[in-house]
Amino acid sequence: MDPFDDLLAANREFAGHFTLSGFDGVAHAGVAMVTCMDSRIDPLGMIGLAPGDAKILRNPGGRVTDQALVALVLGVNLLKVDRILVVEHTRCAMASSTEDELRGRVGASAGMDASWMSLGVIDDQKATVRADVEKVLTHPLIGDQVHAGGFLYDVDTGLLDQVV
Ligand SMILES: [Zn+2]
């Protein structure tokens, strides 16, 4: 039994009624979203979009990292993105522990020291969202071409709260 068997079986099912063949790589709704890797988040569903509509960039906490900025620069300049949402969420593990606590939990799971690793916990989510939106808007290759907003998503109600 291969650990991927169930997923590959599901993929054959998926390919059986696949409708996105020949689709271009453009964001048809002009949307890019940076959000957390949290499995409670359905980035497309929460804003009424479908595959093909948006660029979705995910990482722990939903941060505008250097790599996320690269993706946003490409999205804005080459893939028709003109609205960017930075979405953090309630009950995020990255915002409910200190760096030391989170390293401690990772270390305990891995069975070895994790104190050397930077995990990037978030002290103040609203301040972080504001700073990340600012980072998008002040990027020389993004700047005035786009609207950027920062939001907090409530994982218990499904509602977005606009921070900036
Ligand atoms: Zn999270």
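Higher on the page you've got the structure.
Residues numbered from 1 in each chain as written. Predicted model: local features only at pLDDT ≥ 70, side-chain atom pairs only at ≥ 80, totals over all residues. Heavy atoms only, no water.

**Q** How would you summarise the overall build of the protein if you had to cite specific residues and measurements?
**A** Broken down by element type, the protein carries four helices and five strands. Ordered by position from the N terminus, the helices and strands of the protein form the series α-β-β-α-β-α-α-β-β. C-alpha atoms of the protein, sized along the principal axes, occupy 50 × 45 × 30 Å. For the protein, with 164 residues in total, the buried portion stands at 37%. In the protein, 64% of the contacts between residues at least 6 apart in sequence involve partners at least 24 apart. (Helix = DSSP H or I, 4+ residues; strand = E, 2+ residues; numbered from the N terminus. Buried < 20%, exposed > 50% of the residue type's maximum accessible area, 1.4 Å probe, protein only. Contact = heavy atoms within 4.5 Å.)

**Q** Run through unusual backbone geometry, naming residues and quoting values.
**A** One non-glycine residue, K80, lies in the positive phi region at around 65°. On the secondary structure map, K80 appears in the loop between α2 (66–78) and β3 (83–89). In the Ramachandran plot, R91 falls in the positive-phi region, its phi being about 55° despite a non-glycine side chain. With respect to the helices and strands, R91 occurs in the loop between β3 and α3 (99–110). Residue classification places R91 among the exposed residues on the basis of a relative accessible area of 52%.

**Q** Before we move on, can you summarise the sheet that holds strand β4 (residues 147–153) with the specific residues and values?
**A** Read from one edge of the open sheet, five strands run β2-β1-β3-β4-β5, paired in mixed fashion. In this open sheet, the two strands that pair with only one neighbour each are β2 (54–59) and β5 (160–162). Going across the sheet, the axis of each strand differs from the next one's by a mean of 25°, ignoring polarity. Pairing of strand β1 (residues 31–36) with β2 involves six bridges; the strand directions are parallel. Bridge pairing in β2 links A32 to K55. Here α2 sits on the sheet in contact with β1, β2 and β3, set at roughly 175° to β2. (Pairing = 2+ DSSP bridges. Axes fitted to C-alpha atoms, helices over the stretch in contact; angles between N-to-C directions.)

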